[in-house]
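Residue-level listing of the chains:
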Amino acid sequence: MLRKKWNAFDIKFFMAMLMVLDHLHHIPGLLPTGMYELFHVLTRCVGAWFAYLAVEGLYYTKSRLRYNLRLFLWAGIMAAGNQVYNRLGEEKGLHIGNNIFFTLAVGVLCMNVLSSAKRAQTLALKVLGWAGVAALAFFGMLFAEGGFVLLPFMIITDCCRERITLRNLLYAVLSIVMLANAWHGYQTIEETLRMLAFNSDFLFITVMPFLAAYNGERGQKNCFTKYFFYVFYPVHLWVIGAIALAVS
């Protein structure tokens, strides 16, 4: 059995470093042929891990509302920074559209509405709450980065927080559905594998070994650990973007 020895921040830090690999393609000519696809496959667990932590955070935060608003605030900061960069890089065809903060914020909002629906005293309010969750999830799947997989992942994680076997089974079902949606057979195995590497959202399930290694502890709690990802995520993308501007 895999020994649980990593706390949340240990895995968060590792995932942040791994995430950089998936964004190096923003620098023109940096990656050799096939390397982008490899990095894309290896990093599919990253978004799922941060989505998992976002759900876990709801059970540790002192205020669910402030937690949700903080995610939306950083989503706004990220969007504003991206807009500035995209104006600077427009003539060179450079663009950054990443904003997982918005995906996580929408997901956490779904969890908050879901929590209210569970506590509702009447059937009408419960139905209204579930309808709200469905509407938010649909919106997020259309407009949020990775929302098509991360929002269902977050809902499963929250609803099955105390039922790990059922949670893992539903993760597997979601992965199979995503694979079926992505599948397009080509004439050669190489072409098919390259297609799957590019459309590899179904590989979010590679987060499961990290969930198994998670010891359930948050790790050291200070300003650095609290805001590390909030700062690192946009800054590393903008630094990569600045390098892309310089070498283009």
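Quick caveat, the model's predicted, so the values are computed rather than measured.

This next bit is on the nonpolar core. Among the nonpolar cores identified, the biggest contains 58 residues, and Met15, Trp49, Phe153 and Met154 are the most heavily contacted of them. Among the elements that line this core, the one with the most residues is helix H3 (residues 44–57), at 10 residues. With residues near it in sequence (within four places) discarded, Phe153 still touches Ala48, Ala51, Tyr52, Tyr171, Leu174, Phe204 and Val207. Within the second largest apolar cluster, 5 residues are counted, among which are Leu94, Ile96, Ala244 and Leu245.

The next subject is the packing of aromatic side chains. By the definition in use, this model includes 25 aromatic pairs. Ring centres of Tyr52 and Tyr214 lie 6.1 Å apart, and the angle between their planes is 90 degrees; on these two criteria the pair is classed as edge-to-face. Residue Tyr52 is found in helix H3, and its partner Tyr214 is found in the loop between helix H10 (208–213) and helix H11 (223–247); the two are separated by 162 residues along the sequence. Of the two residues, Tyr52 and Tyr214, neither departs from the other in class, the shared state being buried. With 5.6 Å between their ring centres and 50 degrees between their planes, Phe224 and Phe228 make a pair best called tilted. Residue Phe224 and its partner Phe228 are located together in helix H11, separated by 4 residues, close to a single helical turn. Classification of Phe224 by relative accessible area gives exposed; the value is 52%. Among the aromatic residues, those joined into a ring-pair cluster are Phe50, Trp74, Phe101, Tyr227, Phe229, Tyr230 and Tyr233. Of note, Arg161 hangs over the ring of Tyr59, and the distance from its end group to the ring centre comes to 4.0 Å. Sitting over the ring of Tyr60, Arg218 keeps its end group 4.6 Å from the ring centre.

A word on the environment of Gly47. For Gly47, the position within the fold is in helix H3. As a C-alpha pair, Gly47 and Thr33 span 14 residues in sequence and 24 Å in three-dimensional space. Every residue in contact with Gly47, bar those within four places of it in the chain, is listed here: Ile100 and Leu150.

Attention shifts here to the packing of helix H5 (residues 100–119) against helix H7 (residues 147–159). In contact at an axis separation of 10 Å, H5 and H7 are set at 35 degrees when each is read in the N-to-C sense. Crossing of H5 against H7: the hand is right-handed. On the side of H5, the interface is formed by Ile100, Thr103, Leu104, Val106, Gly107, Val108, Met111, Leu114 and Lys118, while H7 contributes Gly147, Leu150, Leu151, Met154, Ile155, Asp158 and Cys159. In the contact of H5 with H7, the residues fall into 11 nonpolar, 3 polar and 2 charged.

Reading the values: the criteria
Residues numbered from 1 in each chain as written. Predicted model: local features only at pLDDT ≥ 70, side-chain atom pairs only at ≥ 80, totals over all residues. Heavy atoms only, no water. Core = buried A, V, L, I, M, F, W, Y, C linked by side-chain atoms within 4.5 Å. Buried < 20%, exposed > 50% of the residue type's maximum accessible area, 1.4 Å probe, protein only. Helix = DSSP H or I, 4+ residues; strand = E, 2+ residues; numbered from the N terminus. Contact = heavy atoms within 4.5 Å. Phe/Tyr/Trp six-rings, centres within 6.5 Å; stacked < 30°, edge-to-face > 60°. Lys NZ or Arg CZ within 6 Å of the ring centre and 35° of its normal. Axes fitted to C-alpha atoms, helices over the stretch in contact; angles between N-to-C directions. Left-handed = near helix turned anticlockwise from the far one by under 90°. Nonpolar A, V, L, I, M, F, W, Y, C, P; charged D, E, K, R; others polar.

These results come straight from atomic positions and should not be treated as a statement about function.
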